[in-house]
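Residue-level structural notes
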Amino acid sequence: MRFGKKKQSNASIKMETIDIHEDICCLTIDECLTFAQEEHQIMQFAGGNQRSQRKLLRYDLETHQLTVKGVGHSAKVDLIKCEDIKEVRYATECFQLTKQYEDLEVDLCVTIKYKNGDNFLWSSFRFEAFDPDSAQKWVHTLRTIQKAKLHKQSVGKFKSYFVHRFPYQLESTGGTKGISPKDLKVFLCDHMNYKLEIDELGEIMKEDGLEEEESAIELSNLMSIYNRLTYDEKIIESLYQSGEAPRGEPIFKNSEGVITITELEDFLVSEQKSEIPASTVMNRYGSEGVITKHQFLDYLYSDENTVFVRSETVDEHMDSPLSHYWIASSHNTYLIGNQLTSRSEVEAYVQALLSGCKCLELDVWKRDGTIKILHGHWLTTMINAEDVLAAIEMYAFKVSPYPLILSIENHLDTEMQEKFAKMIKEKLGDKLLSIPLQDAGQLPSPNMLKNKILIKDKKYIRETQDYMKSDIMKRGEVYIESSSHANDWSKRAVLMTPDFIYYSYTEPGQEEGEVVRERSEVLTSRAPVAQKLSELHLAEPWYWGGVDGTAGNFYVSEYVKRMVNTLGNDVQLCGDFAIRPRTQCTGEYVLLFLDSQNAPKKIKIHSRFEKGFPRYFIEEYSNAPVFESLYTLVRHYQRVPFSVEKCPLILKRPIEEPRNFAKETWFHYGATLEDSERRLRDHKVNGAFLVREQPDNKFRLVFRCAGAVRSCKIGQDGRLWVIGKSQFEGLTQLIEYYKKRPLYITKNNQEIKLTKPVEMIPLDEASAPSHYELINKAYVTEEEIRERPDEVYEAEEDYRGRGDTELTFLRGAIIKNVEQDPDHVGWCLGDYGPRRGKRFPKKVVKLYEWEEEENTDNPLGNMCDGMIQLKKSVARLHTVSDNSYIPHYISIKCEGREEYRLGFKQYEDMEKWYESITNVRKNKPSNKKPAKVKQAPSYSALVIYVMAVPAPSEFTNEYISALNYREMSSFAENKLEAYVQKDTAANLLNFTSTCMARVYPKMWRTNSSNFDPLLAWNYGIQLVALNYQTPDKPMQLNWGKFHNSNGGCGYVKKPYEMVNSKFDPRQDSFSNSVALFIHVLGGRMCFSEAGNSPKVKISLEGLDCDLTADETLPAKSSTCPYWGGGKLISLLCLNPDMAMIRFEVTDCNDFGDEKFIGHCTFPVKQLRTGWRSVPLYDGHGNEKHLAKLVVRVEKEVLKSTDPEREKKRVRGEILQLNEFFSDRDDVTPEDVHRLRQIEDKYFEMMFQTQRKRNDIQIEQNGIVDLDRLIREFYLWRMSEDASR
């Protein structure tokens, strides 16, 4: 095998044309597994300038992963899970490799693309085999393994999930095969969120026949432990016991704990409505003709029992015009991050096509004489249009043969358009639709356009303007000097308009997607609340933010005394430490620690600015390492010793700040909620309060509010105290803060502040709270805890506070809750970050003017950190010294404002910016009038069926009558919202029945967020362009609509009535409505880093009349949560043809914050009834293996959707119920109680609809609930009669 020489050129390389659609060799699956399980030598391509490395590659059948091992006894082993492999290629990425190597042997190259964590872009493993036959066998084998889905079997799923997390070595590596029982507790806590008790550990070891102290726990033992921890007896009991059954009667009556084949057959027919033979399920999950409870639970969670059936093949009519289909569409397909500074990648097009996307966007520009694709007015990177077209040609129809649309945003002159047209023809070849089909007076169908690529662009017949964003006059990266520190320069992304220079913050030395290794280690070891690396120490227990020198020395001495009294004189406290800020030197700190003699010592931690950012180091060494944060400094010296009086010392245990609040009169340790209510009973003043600490170290603030006693949680994150979403450095500081500002605002807008602390007094045990107080007692949620800002200010310059009583902030910081300092003239008190009520001089801030989210004056949107006014300003050139870090700068001074300095490293760059600024200042912008251009005829000829025309201001009848079916309109989301508010909104549906329309995100979504696509789909818009790189809810809805429908081909047919009748998306009466009854029973592995209390939200997503949702209460466990005793969720779906159902699982921590765990979204038409499993997926649509729910689903077709008719029907059934008891002598109090419930529900619905006559959803939900109550009553009554 031969490797080529390294290349120096970065020119565009012609893509190889090896066929990736068919495998060259043909092996059986057994032959594939035999081949792959042997070790094969390969050469792995290394990134950058590194040399390729010889490796050993094999497939492990037991754990379903590829092992890549270096040559050598102690070589590192890399693992790739087969479940993460997205694609295996012969040489489709050779165009990237040939940029580094010449004369590459293409027939030896193999590329494996696999998912890496939560990243949008797939990772690559590229290697070169030693012979072409071996390369072909590897590709064929890996594709065969993927098709067989071996990793999806229950055992395979378990092993593929845990093998990367389990500290387990394969035998071939010569490593150990297990872990100790002590490490098992840590492993289960980290990877299953399960806290294993000591007694429980002993039982597990005993059941597996292992010695508790000596035995090593292997992967097979872990599987047994997993099965034990995820088995929920309560779900099975609901099948046996009528009291727990959601349907009101037992399904299995066998008391022996097994399920016979007869019971299984009855279950599959009556409950599951399944045609699968009971013998098939019995053979797969049971043994000896019966299924145990554990085996039956495995069946309920299995993939074959999912709550929906994904359409694997195209099952819709594909001969209608293109305008009759929704089409999966992407916005700015080339980007992998935000819209301003992220990278452009050819691979983003490949991933979009492989996910079923059928409309891609290409923004083409002329750069250095070549055609590039980039987000032209921003700072994104660029890619070759030639490479993109080659990738599109190769992958356009790999998922489905239906047509692909290229939405081109053309910024080329006529000469470059000619070149681009030629490039398109050469690269796309016969796949490009170059001539129209037979004209039938309507758009052709997807079947007629199979394997064809359509070009969407303006088709110019006459001269027209080249539409440019002419208000953006210059863009780039410059350095801006800090206003408070000379020569403190920060690199900024900058855009210049005629009025302002806008700049955003740029992290030094980091590109989009790059993660600094030191920071990565910090964030994975601990996840504090603080988001910035420079603030991570604020949440650490070793940081004493409010302690001065005298108090710090005293606290350390008291700590030593307490530890000696508790543990004896021989206790070793060497390395115990804390850090406090220096009182006289802001930004510097003192490290307090104990030496080998338990004597208190201290060392100063100094700071200095480097390139605009603070760096920290200790004073002991002249060449001491410098750290970018206080947190990383501590982390370093917890691993690496430093010298103290020539003795090495490592930081060990943090010395926590003393709890000074314990002496406060309002603090009550161990008080129960009832005790607190009694203490507050006699205090009639609003805001009377106390803080109680429970034995489990949880705190609650209990206060008096409008005759009621309310309670809210006070959480802890390290040393920070958290209430709602606000953070404080101390509990006393929290209380003092809410004495001055409202803690709670009542429904009558009455502000409640903390007023009178309630002292600890003896309680009269005979006393009890009044009935009024018990009724009004309530807990205050996080949303009710408010920070109601008195005034908000923005910092006009940097300010470094002196001591802990003052704020420190940078220019542009937003300071909330500002009020005058009563003790100091010219000073204010305010909140910034976790520091509350601290002083700062008023002269360095200005009143902040709130801007609405829709403000279009700022081209950087929410990524803007500041702006510099240009009009009526004076700009001057300066050169300091060629040896300076920033030798050249432009000073900009506007009357009444401070001076700004823009720095440059090259004099030529400064001159160009100065010329542009001078033109603006003289009101002579250089590109104010866009030049008129003529479209090249050869390029215009490529636009056939999707001819872009300007969107009208309104879809009037005259506009609709003059339609040309080949024309299409594109407009932003906010324009769509304006359309549907007008009286002519119905004409938008008429337009989309004949022509194509495209909606894209508004310009100000600079963070690549997405808009809700439902409104566009409801009005028949075919192309709803979304940012595929952002895994938010809109993209999850897009995935549910296209991936799970019509075989995932990228086309979904609209309902018949939407394109063939007078359909109105605002109507609320349909003929095919259904009522859904869903009972969420349990789940597995539903956890995140947020907490241990998952909950399930079930929502309908479709027309406005179907937008409804309900959720369960939080469960008490996340490893095996159980919701079976909770409420039944009933949802009314008026139009199931257009609705999707969405299961979303979130995790709730103790503070009420939610963390997304997973979702499952699919069309309501695919919903299956019975006891079903719900697989969970991440935001990008990747299945979260082992994370599932079990639900019970019932579905009923409604007789009518006319509310008045339904109310009459239900009223008649209630009257019949009363007649049922009129002549009976065996009426029980239970009968009366249940009948009263039904009647109360009826009157409640009538009362609500009288108040909201137009709210059909209230009426229909009430009818559904009444139907449910009546049916349950009948079932219960019949069972009672049978028992009698």
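You'll find the structure just up there.
Residues numbered from 1 in each chain as written. Predicted model: local features only at pLDDT ≥ 70, side-chain atom pairs only at ≥ 80, totals over all residues. Heavy atoms only, no water.

Moving on: the packing of helix α13 (residues 385–395) against helix α14 (residues 414–428). A pair of packed helices is characterised by two quantities: the angle between their axes and the separation of those axes. For the pair α13 and α14, interaxial distance at closest approach is 9 Å and the crossing angle is 30 degrees. The angle between α13 and α14 places the two elements in the roughly parallel class. Taken as a pair, α13 and α14 cross one another with a handedness that is right-handed. Judged by residue contacts, Ala385, Glu386, Leu389, Ala390, Ile392 and Glu393 of α13 engage Phe420, Met423, Ile424, Lys427 and Leu428 from α14. (Axes fitted to C-alpha atoms, helices over the stretch in contact; angles between N-to-C directions. Helix = DSSP H or I, 4+ residues; strand = E, 2+ residues; numbered from the N terminus. Parallel < 35°, antiparallel > 145°, perpendicular 65-115°, else oblique. Left-handed = near helix turned anticlockwise from the far one by under 90°. Contact = heavy atoms within 4.5 Å.)

The next subject is the pattern of salt bridges. Applying the stated criterion across every chain yields a total of 31 salt bridges. Here Glu347 and Arg89 are joined by a salt bridge, their closest N and O atoms 2.6 Å apart. Highlighted residues: Glu347 in helix α12 (residues 346–354) and Arg89 in strand β5 (residues 85–89), separated in sequence by 258 residues. Each member of the pair, Glu347 as well as Arg89, carries the same accessibility label: buried. Across the pair Asp1064 and Arg1066 runs a salt bridge whose closest N-O atoms are separated by 3.4 Å. Under the relative-accessibility criterion, Asp1064 is labelled partly exposed at 29%. Residue Arg1066 is classed as partly exposed on the basis of its relative accessible area of 47%. In the salt-bridge network here, residues are joined through shared partners; they are Glu87, Arg89, Lys113, Glu347 and Lys398. (Salt bridge = Lys/Arg side-chain N within 4 Å of Asp/Glu carboxyl O. Buried < 20%, exposed > 50% of the residue type's maximum accessible area, 1.4 Å probe, protein only.)

What follows deals with a negative patch on the surface. Taken together, the side chains of Glu908, Asp909, Glu911 and Glu915 make up a negatively charged region of the molecular surface. Mapped onto the elements, Glu915 comes out in helix α21 (residues 907–921). (Patch = residues over 30% accessible without salt bridge, like charges linked within 9 Å, V, L, I, M, F, W, Y side chains within 5 Å. Areas by Shrake-Rupley, 256 points an atom, 1.4 Å probe, with all protein chains shown as cover. Lys, Arg positive; Asp, Glu negative; His and termini not counted. Charge placed at Lys NZ, Arg CZ, Asp CG, Glu CD.)

One can find Gln44 in strand β1 (residues 40–44). Within the structure, the side chain of Gln44 is placed 2.8 Å from the side chain of Lys55, a separation counted as a polar contact. Sequence-distant contacts of Gln44, that is, excluding residues within four places in its chain, are made with Ser52, Gln53, Lys55, Val68, Phe125, Arg126 and Phe127. (Polar contact = N/O pair within 3.5 Å; in protein donor to acceptor, adjacent residues only side chain to side chain.)

Here strand β45 (residues 943–949) pairs with strand β46 (residues 967–972) via three bridges, running parallel. Each residue of the ladder has a partner; that of Val949, found in β46, is Ser969. (Pairing = 2+ DSSP bridges.)

Those residues of helix α9 (residues 261–270) lying buried are Glu263, Leu264, Phe267 and Leu268. All buried residues of α9 lie within an arc of 135 degrees about the axis, which places them on one face of the element. (Arc of directions from axis to C-beta.)

A word on the nonpolar core. Formed by 86 residues in total, the largest nonpolar core has its most connected members in Ile392, Leu406, Phe420 and Ile424. Filtering out sequence-adjacent residues up to four positions away, Leu406 remains in contact with Leu360, Leu362, Leu389, Ile392, Leu428, Ile453, Leu454, Ile455 and Lys456. (Core = buried A, V, L, I, M, F, W, Y, C linked by side-chain atoms within 4.5 Å.)

The final tally for this structure, using the stated rule, is 31 aromatic pairs. Here Tyr589 and Tyr616 contribute two aromatic rings whose centre-to-centre distance is 6.1 Å and whose plane-to-plane angle is 55 degrees, an arrangement assigned as tilted. Note that Tyr589 is positioned in strand β21 (residues 589–594) and Tyr616 in strand β23 (residues 613–618), a separation of 27 residues in sequence. One exposure class covers both Tyr589 and Tyr616, and it is buried. Their ring planes at 80 degrees and their centres at 5.0 Å tell us that Phe699 and Trp721 sit as a pair that is edge-to-face. You can see Phe699 sitting in strand β28 (residues 699–705) and its partner Trp721 sitting in strand β30 (residues 720–723), a full 22 residues away along the chain. Side by side, Phe699 and Trp721 carry an identical accessibility label, which is buried. Put simply, the rings of Phe955, Tyr959, Phe971, Tyr979 and Phe991 touch in pairs and so form one group of aromatic residues. Over the face of the ring belonging to Trp326 we find Lys1041, whose NZ or CZ atom lies 3.8 Å from the ring centre. Positioned above the aromatic ring of Trp1017, the side-chain terminus of Lys1041 is 4.8 Å from the ring centre. (Phe/Tyr/Trp six-rings, centres within 6.5 Å; stacked < 30°, edge-to-face > 60°. Lys NZ or Arg CZ within 6 Å of the ring centre and 35° of its normal.)

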